[in-house]
Amino acid sequence: MELYIIVVAAVVAFFLVVAIFNRYRRCPSDKILVIYGTSATKGSAKCVHGGGTFVWPIIQDYAYMSLTPISIDANLTNALSRQNIRVDVPCRFTVGISTEPDYMQAAAERLLGQTPQQIQELARDILFGQLRLVIATMSIEELNSDRDKFLEAISTNVEVELKKIGLRLINVNVTDIKDESGYIEALGREAAAKAINEAKVRVAEQDKIGEIGKAEAVRETRVRTAEANAQAVKGENEAKVEIANSEAYRREKEAEAARKANAAEKVQQAKALEEAYAAEQLAETARAERERATETANVIVQQEIEKQRLIIAAEAEAEQKRAIARGEADAVFAKMEAEAKGLFEILTRQAQGYDKMVQAAGGDATAAYSLLLLEKLPELVKTQVEAIKGISIDKVTVWDSGQGGADGKSSTAGFLSGLMKSIPPLSDLFEQAGLSLPEYLAKRKAEADADGEAGEVKE
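Residues numbered from 1 in each chain as written. Predicted model: local features only at pLDDT ≥ 70, side-chain atom pairs only at ≥ 80, totals over all residues. Heavy atoms only, no water.

Moving on to the overall build of the protein chain. Across its full length, the protein chain carries 10 helices and nine strands. For the protein chain, the proportion of its 459 residues judged to be buried stands at 16%. When contacts within the protein chain are restricted to residue pairs at least 6 apart in sequence, those whose partners lie at least 24 apart make up 64%. Accessible surface for the protein chain amounts to roughly 34,000 Å². Of this, 58% is attributable to carbon and sulfur atoms. (Helix = DSSP H or I, 4+ residues; strand = E, 2+ residues; numbered from the N terminus. Buried < 20%, exposed > 50% of the residue type's maximum accessible area, 1.4 Å probe, protein only. Contact = heavy atoms within 4.5 Å. Areas by Shrake-Rupley, 256 points an atom, 1.4 Å probe, with all protein chains shown as cover.)

Shown next as structure tokens:
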């Protein structure tokens, strides 16, 4: 519980400090900070410029007033002068809030919250009234010729009235003053004519003085010229003597300086060479040591590196060969194992087929073998046909006289019979295969053989 109270108190204190710091207000250099409400100073408000102050919450508030100058056009027309002549006086005033305590207090009481336009209108009314008052106390001549007096009178009267609202007159600029009767224009023409006449008199007087002065100047010029020429010749001679003396002295000093410079230069060159030789000796010694150490390090390090490289390369090559040998052995073993398995499967299937064929032949292996051979008989006959199929016989010419031979056959028939006998007999194929022809085929073969032998005996 106590910890909770401490935390709450710390949070409240933190926010209180933040709130206090947030109520500290700083005033820019181009503004006035006005604090109103309950104020410890005299007056209805406290004004601060160029600093800062603390503003109490709830009981105090603040606002800013700008110190930016305000330009006001006060083109006064038909103002009555002391001579009862109405004049137009175009003026431009520049006013602004002053930073003096009295001015700031008055401005805070009368201008706080006003816009620049409202302040300008208020100041313009005051300026118009005071400007009319000043013009009424002065004559046309004073207004036209004595502008300093006119501006001083305006500043004196306007400053007093502007101070009441906290403003100060910064500048006033009065342009051309005009009147409706042309009095100022007439004064201008009179002054111009007077000035022209006075100028003509002064010009004539100056011409006379100029001619007299010119004659005197010519005489004085001739006298002074002669004197100046004499003095010039004398001065030239004296100057030549001085130049010669100065030149001799300069050459003497230059020779002395050159001698000292050459001697100092040779001494410095000798010292520089001595220091350079010593430095070169040290540098060569250090370089020899460095090169010796570098060469030793390079040879030893390179040999050590080459040794390690050869060892690593030999181990890598041996490991590679062992891996290749293991891979090849595994491949050969896998291939032979696969071939053995395939051959075993083929033989097993063939044995199973032969077993079933023997069973189908009633257990007679010879009959089963005959059946198997009969199944292959078309392929055997095809093989016999293929034996003569490739023989290229372009042309066969048989001269047959039409007379039969001893066996009663013609020459053509004998040729064809001999050609057919050149094909291996079917019984020979069976015998080569370890079989015998069926009984009816064997009987036919025996009869054919007997006929053949009989024919040979007859021959």
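Here we take up the packing of aromatic side chains. Evaluation of the coordinates by the stated rule reveals one aromatic pair. On the numbers, 5.9 Å between centres and 80° between planes, the contact of Tyr62 with Tyr64 is edge-to-face. Residue class for Tyr62 comes out partly exposed when judged on its relative accessible area of 24%. On the basis of relative accessibility, which here comes to 33%, the residue Tyr64 falls in the partly exposed class. (Phe/Tyr/Trp six-rings, centres within 6.5 Å; stacked < 30°, edge-to-face > 60°.)

With that settled, the discussion passes to the environment of Thr156. Within the fold, Thr156 resides in helix H5 (residues 147-163). Put simply, Thr156 and Gln130 are 26 residues apart on the chain and 9.6 Å apart in space, counted from C-alpha to C-alpha. A distance of 2.8 Å separates a polar side-chain atom of Thr156 from the backbone oxygen of Glu152. (Polar contact = N/O pair within 3.5 Å; in protein donor to acceptor, adjacent residues only side chain to side chain.)

Moving on, we come to the pattern of salt bridges. Inspection of the entire model under this criterion finds 22 salt bridges. One salt bridge in this structure joins Glu247 and Arg251, with 3.5 Å as the shortest N-O distance. Of the two residues, Glu247 and Arg251 are both situated in helix H6 (residues 183-360); the distance of four residues between them amounts to about one turn of the helix. The exposure class assigned to Arg251 is exposed, which follows from its relative accessible area of 55%. Salt-bridge contacts for Arg287 lead to Glu291; the nearest nitrogen and oxygen are separated by 2.5 Å. (Salt bridge = Lys/Arg side-chain N within 4 Å of Asp/Glu carboxyl O.)

Let us look at the pairing of strand E2 (residues 31-37). Bridge analysis of E2 against strand E5 (residues 60-66) gives seven bridges, and the strand direction is antiparallel. Of the residues in E5, the one forming a bridge with Val34 is Ala63. Bridge count between E2 and strand E3 (residues 45-48): four bridges; the pairing is antiparallel. The partner of Ile35 across the bridge, within E3, is Lys46. (Pairing = 2+ DSSP bridges.)

Attention now goes to the nonpolar core. Core analysis: the biggest nonpolar cluster contains 42 residues, and Ile135, Phe150, Ile154, Leu162 and Leu167 have the highest contact counts within it. Sort the elements by how many residues they give to this core and helix H3 (residues 116-136) lands first, with seven residues. Counting five residues, the second-largest nonpolar core is a separate cluster that includes Cys27, Leu33, Ile35 and Val48. (Core = buried A, V, L, I, M, F, W, Y, C linked by side-chain atoms within 4.5 Å.)

To continue, consider the confidence of the model for the protein chain. On average, the protein chain scores 76 in pLDDT, and the residues at 70 or more come to 75%. Model confidence for the protein chain, summarised as mean pLDDT per element, is weakest for helix H10 (residues 439-458) at 53 and strongest for H3 at 85. pLDDT under 50 marks residues 455-459. Its contacts with residues more than four places away, or in other chains, come to one contact. (pLDDT = per-residue confidence, 0-100.)

Under the criterion given, the structure shown has zero disulfides. Among the cysteines around Cys27, which has no disulfide bond, Cys47 carries the closest sulfur, lying 9.7 Å off. (Disulfide = S-S within 2.5 Å.)

Together, Leu3, Val7, Val11, Phe14, Phe15 and Val18 make up an exposed nonpolar region whose accessible area comes to about 580 Å². Note on placement: Phe14 falls in helix H1 (residues 2-22). (Patch = residues over 30% accessible without salt bridge, like charges linked within 9 Å, V, L, I, M, F, W, Y side chains within 5 Å.)

An order of E3-E2-E5 is seen for the three strands of this open sheet, with the pairing classed as antiparallel. In this open sheet, the two edge strands, each paired with only one partner strand, are E3 and E5. Looking at each pair of strands side by side, their axes are set apart by 25° on average, direction ignored. Those strands touched by helix H2 (residues 101-110) are E2, E3 and E5, and its axis lies near 125° from that of E3. (Axes fitted to C-alpha atoms, helices over the stretch in contact; angles between N-to-C directions.)

The next subject is the side chain of Ser98. Relative to the assigned elements, Ser98 resides in the loop between strand E7 (86-97) and H2. A polar contact is formed between the side chain of Ser98 and the backbone nitrogen of Glu100, at a distance of 3.3 Å. Setting aside residues no more than four positions away along its own chain, Ser98 makes contact with Ile32, Tyr103, Met104, Gly166 and Arg168.

This part is about the packing of H3 against H5. Each pair of packed helices can be summarised by the angle the axes make with each other and by the distance between the axes. The contact between H3 and H5 brings their axes to 9 Å, and the two run at 140°. Classed by the angle they form, the pair H3 and H5 counts as oblique. Helix-helix and strand crossings are classified by hand; for H3 and H5 the assignment is right-handed. When H3 is examined against H5, the residues Ala123, Ile126, Leu127, Gln130, Leu131, Leu133, Val134 and Ile135 are found in contact with a partner set consisting of Phe150, Ala153, Ile154, Asn157, Val158, Glu161 and Leu162. (Parallel < 35°, antiparallel > 145°, perpendicular 65-115°, else oblique. Left-handed = near helix turned anticlockwise from the far one by under 90°.)

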